[in-house]
Amino acid sequence: MEQEKEYVEKLIKLNRVAKVVKGGRRFSFSALVVVGDKKGSVGYGFGKANDVTDAIRKAVDKAKKNLITVPLKNSTIPHSEYCVFKSAAVVLKPAAPGTGVIAGGPVRAIMDAVGISDILSKSLGAKNSINIVKAVFSGFENLMDAKKIATSRGKTLKDMWG
């Protein structure tokens, strides 16, 4: 049997919601979790259940199913990216080594899970953590890897960069 990879799980948001019924309030929980291996692979998941631990477990399971690989250049991203999802927008900029993760809330948790240690970011627009996470992931999808671009053009990395 294959041995499972070691993943870092970061809880971004835990929300308690109440449904009013005849006997009073029924509480349930929703959890937003980011899972990563600190080597460029990351995923997010959203789980709902009547118990906190079940909601987190469901979110982690969904996150592991939806893993994507992010092209990394040393300890940062290869180029700047303006990511948008609905009204949440996030600006991601590569940073020099030693800068650290300059990001707030959900973006910081994602960067820790991916393994990016130097990045500048700014969250604009909506403060909804789910939409911010989806915006960052849409930005990760649009990041270009130098090796893929070179092979698609039929050149080597040395031909492109000199």
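These lines cover the structure that appears in this document, whether it is placed above or below. As the structure is a computational prediction, the values presented were derived from the model and not from experiment. (Residues numbered from 1 in each chain as written. Predicted model: local features only at pLDDT ≥ 70, side-chain atom pairs only at ≥ 80, totals over all residues. Heavy atoms only, no water.)

## Some words on helix H1 (residues 52-65)
This is how it is decided: Note on conventions: DSSP H or I runs of at least 4 residues are helices, E runs of at least 2 residues are strands, and numbering of each starts at the N terminus. The span you would expect from a helix comes to 1.5 Å times its residue count less one. Under the scheme applied here, a residue whose accessible area is under 20% of the maximum for its type counts as buried, over 50% as exposed, and between as partly exposed, the area being computed with a 1.4 Å probe on protein chains only. Of all possible arcs, the one meant is that of the directions from the helix axis to the C-beta atoms. Contacts between residues were defined by any pair of non-hydrogen atoms, one from each residue, lying within 4.5 Å.
An ideal rise of 1.5 Å per residue puts 20 Å on 14 residues; H1 measures up with 20 Å between its terminal C-alpha atoms. Taken together, the buried positions of H1 are Ala-55, Ala-59, Val-60 and Ala-63. Each buried residue of H1 lies within a common arc of 130° when the element is viewed along its axis, so the set occupies one face. Those residues of H1 that are exposed and angled more than 90 degrees off the buried face are Thr-53 and Lys-65. Buried residues in H1 make contact with strand E1 (8-21), strand E2 (24-36) and strand E3 (41-49).

## Side note on the sheet that holds strand E5 (residues 81-85)
The following threshold applies: A pair of strands counts as paired when DSSP detects no fewer than two bridges linking them. Note on method: axes are straight lines fitted to C-alpha atoms, helices fitted across the in-contact stretch only, with angles between N-to-C directions ranging 0 to 180 degrees.
The mixed open sheet is built from four strands, whose spatial order is E5-E6-E8-E7. Two strands lie at the open edges of the sheet, namely E5 and strand E7 (101-102), each paired on one side alone. Across five bridges, E5 lies against strand E6 (residues 88-94) in antiparallel orientation. Residue pairing for E6: Tyr-82 is matched across the bridge by Val-91. Along the sheet, helix H3 (residues 129-142) contacts E5, E6 and strand E8 (119-125); its crossing angle with E5, the most-contacted strand, is approximately 135°.

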